[in-house]
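Now for the letters of each chain:
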Amino acid sequence: MGELMTDIQYLQGVGPKRAELLKRELGIFTLSDLIHLYPFRYIDRSTIQKIASLTPDLAYVQVQARVVSLNETPRKRLSVIVEDDTGRLELVFFKGIKWNKERLRPGMTFVFFGRPQEFNGHINIVHPEVDPPQEPGSQGTLTGVYPSTEKLKNAGVTGKVMCRMQAAALNLCLPEIQETLPEYILQDRGMVSLKYALANIHFPKDSYALQKATSRLKFEELFLLQLSLLKQKYVRSRSELGLVFNKVGTDFNSCYNSLPYDLTGAQKRVIREIRSDMMSGHQMNRLLQGDVGSGKTMVAVLSALIAIGNGFQACIMAPTEVLAQQHYANIQKYLAPTGVKCALLTGSTGTKDRRAIHEGLEDGSIGLIVGTHALLEDNVVFKSLGLAVIDEQHRFGVDQRSKLWSKGPVVGTAGSALERDRAILGIVRGRGPLRGVSEADVHSPEHSRQIPPHVLVMTATPIPRTLAMTLYGDLDVSVIDEMPPGRKPVKTMQISPAKKPAMYKFIEDEIARGRQVFIVYPLIFESEKMDLQNLQNGYEEIIRRFPMPKYKIAIVHGQQTNEEKNFNMSAFAEGRANILVSTTVIEVGVDVPNASVMVIEEAQRFGLSQLHQLRGRVGRGAEKSYCILVKDYKTTKEAQKRIDLMCATEDGFEIAEEDMKMRGPGDLEGTQQSGLPINLNIASLAKDGILLSEARAYAAKVLDDDPTLEKKENAKLVSELRKEKYSVKDYSKIS
Ligand code: ADP
Ligand code: MG
């Protein structure tokens, strides 16, 4: 292990000064760190485009051209005109002007590499890379381009210097490189060795070798990550006992049989998945993904009725008071044909009602409780909580979610740990309904054991499957990928503020037909004051345009008291207000089927998933619905892309997929708090979906054969999994 751990400063051509920079800028401390920094792209010297053929939609191009003239504007901008035998091209530099003026002498020829863009009707390239021209007749080769920073470039660590460093480091280190994957896996998948992969990821012999190297390194990364996640899941499912619900019960049937509609195929499938989890003897930990309006509530209710049918209680927790109320109102309707008692517990439940609810939960007379965070309080004690459903799970903090785990029933028997587990399972299985904890069940405190409730977390923020498989790698994921029949598409349009008078006319017509309208303003933390001002101004504008008493306008924002919020929200939900002006507080879950127009002001400031959620608030009724995205002059290219995508599709998964490509998985909603290592070195969760599925399937196969990885041929895997990169927190515990 001599060379790999050598300090980077001792590498030829580095020295203490550059070493310092490499450490600070790229986190490279040792030779090993260096050779694990891979090129993020390769320049193919064999393809050189002609200037006349450049268009702004080409990603990166390479041209070989002669410098014609240089022109420095007073505003620190160097414009360089170059030409080849087909035409002229402008290159633009904002930085390094002095250095570029020196090297780019008129008459000299270079190879320029960069991204062409259109500016004032002609094509230019900003900050191209500059290389010496190709030798006539030279072979095309692939040259790696490494991540770098301004400071490194200024210190002379150019692309070429980096390549030389890599070559020197590889020379020293390659003999020491140990294979990380077992031989049988390499053979099975026809993969190249680690040595070969490392050599060719830096200096590809040809494009075929590069492809073999890349796929080997990517597979390794994805495979080990999945192996780690699945192993954890396996361990957990062995150790975590679960309540066994072996019948559906009469309440389920009476609710099911009186539903005003047929469940969609997807709803039925998901309920089957949940049922089989709840019968397995292990605790269920399932994530239910389903686009807004896909009918997750019904799935939650029917699952709750299974728990209740087996003698347990269930709770459904929502992130806001308004949502909890709405759930409660809907659920009561569904429960009418059953004998199940349902209650609502929120922050604004009065003391007297609260006391009655606490009692009802403790004595078991309340079968289903709907509520907000209020459910998490310590004095909320269940007689026997069998299922906890968490709606819009990303709205809850990690601690809050874990609290529900501790509200499960406690059971106990005497005997060894193993006998005890068997006995507990026996109680749970054999005797059917648990009657909470009776004295007889608990022989001594250390012999009692708490059984966590089954947990179903629901989210309407669609996470691309590839990411879900990793983020929730040890959770089971169900997807409702089918909408209830009869939903009409929402027509989405984008307008500039100048078109607002026409929009108001349109709104007027919709209101005249009895429809309701949402108008949403952004509220972003840093500029909260200004945003509130915008909202106020917007509200006043609306009131002027839609005056009382003909029109009624409700307003909801975060600065209001709960009472004000509820008052305004209910006015709109119950059809007493024509327009609701609000911040994004309405994003989650609210159901107003009569609302047919969603106006989003300053749409350029919203993220894709937020826009999608907001649009999901309309199109819930029988009427044709509209979403109007108002974008102002500050709209950037990226924001415009988001808005265009919204106008092009309504498919939440497609939108999520694109969102991930645009932003990278690390920024997606719901991923940050997951604590999972999604900063992979070479594989991309956004782009390597197919390989990821293969890696997961392969990891499952390895674990099927050797669940604890104790076979000799898997020893390498065990030591790889010890690396920090693959050590994943027990995420299931915290959802
Ligand atoms: P979400 O998944 O966004 O929580 P909801 O559960 O609120 O969706 O359902 C949206 C609407 O669709 C509700 O009004 C509900 O009654 C209705 N719904 C649910 N399932 C079906 C179905 N299978 N057929 C018709 N309508 C349904
Ligand atoms: Mg919902």
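Basis of the calculations
- Residues numbered from 1 in each chain as written.
- Chains lettered and ligands numbered in written order.
- Predicted model: local features only at pLDDT ≥ 70, side-chain atom pairs only at ≥ 80, totals over all residues.
- Heavy atoms only, no water.
- pLDDT = per-residue confidence, 0-100.
- Helix = DSSP H or I, 4+ residues; strand = E, 2+ residues; numbered from the N terminus.
- Contact = heavy atoms within 4.5 Å.
- Buried < 20%, exposed > 50% of the residue type's maximum accessible area, 1.4 Å probe, protein only.
- Pairing = 2+ DSSP bridges.
- Expected span 1.5 Å × (residues − 1).
- Near = heavy atom within 4 Å.
- Polar contact = N/O pair within 3.5 Å; in protein donor to acceptor, adjacent residues only side chain to side chain.
- Areas by Shrake-Rupley, 256 points an atom, 1.4 Å probe, with all protein chains shown as cover.
- Nonpolar A, V, L, I, M, F, W, Y, C, P; charged D, E, K, R; others polar.

### Observations concerning the confidence of the model for the protein chain
Any segment with low pLDDT has predicted coordinates that should not be analysed in fine detail.
Right, on to step 1. In this model, the protein chain carries a mean pLDDT of 84, and residues with pLDDT of at least 70 account for 85%.
Right, on to step 2. When pLDDT is averaged over each element of the protein chain, strand E12 (residues 342-345) comes out on top at 97 and helix H25 (residues 731-734) at the bottom at 40.
Right, on to step 3. Predicted confidence for residues 730-735 stays below pLDDT 50, and this span has 28 contacts to residues more than four positions away or in other chains.

### Some remarks on the pairing of strand E20 (residues 516-520)
Right, on to step 1. A large share of E20 lies buried, amounting to 5 of its 5 residues.
Right, on to step 2. Covered by surrounding structure in E20 are Gln516, Phe518 and Val520 together with Val517 and Ile519, the residues of both alternating faces.
Right, on to step 3. Both E20 and strand E23 (residues 595-600) contribute to a ladder of 5 bridges, which runs parallel. Each residue of the ladder has a partner; that of Phe518, found in E23, is Met598.
Right, on to step 4. As defined by bridge partners, E20 adjoins strand E22 (residues 579-582) across 4 bridges and the pair is classed as parallel. When the sheet's bridge partners are listed, Val517 is paired in E22 with Ile579.

### Some details on helix H19 (residues 562-573)
Side chains of residues three or four places apart in an α-helix project in the same direction, reflecting 3.6 residues per turn.
Right, on to step 1. Relative to the 16 Å expected for 12 residues at 1.5 Å per residue, H19 spans 16 Å between its end C-alpha atoms, a close match to the ideal helical length.
Right, on to step 2. What H19 keeps buried is the set Asn566, Asn568, Met569, Ala571 and Phe572.
Right, on to step 3. Those residues of H19 hidden inside the fold are in contact with helix H12 (321-335), E20, strand E21 (553-556), E22 and E23.

### Considering the side chain of Glu510
Right, on to step 1. Summarising the element assignment, Glu510 is placed in helix H17 (residues 500-512).
Right, on to step 2. Residues in contact with Glu510, not counting those within four places in the same chain, are Arg515, Ser596, Val597 and Tyr626.

### Regarding the site of ligand 1
Right, on to step 1. Surveying the vicinity of ligand 1 reveals 16 residues, the closest of which are Asp262, Gln267, Gly293, Lys296 and Thr297.
Right, on to step 2. One nitrogen or oxygen atom from the main chain of Gly293 is found 2.6 Å from an oxygen atom belonging to ligand 1.
Right, on to step 3. Protein contacts shield 78% of the accessible area of ligand 1, which totals 570 Å² for the unbound molecule.
Right, on to step 4. Considered class by class, the residues forming the shell around ligand 1 number 5 nonpolar, 6 polar and 5 charged.

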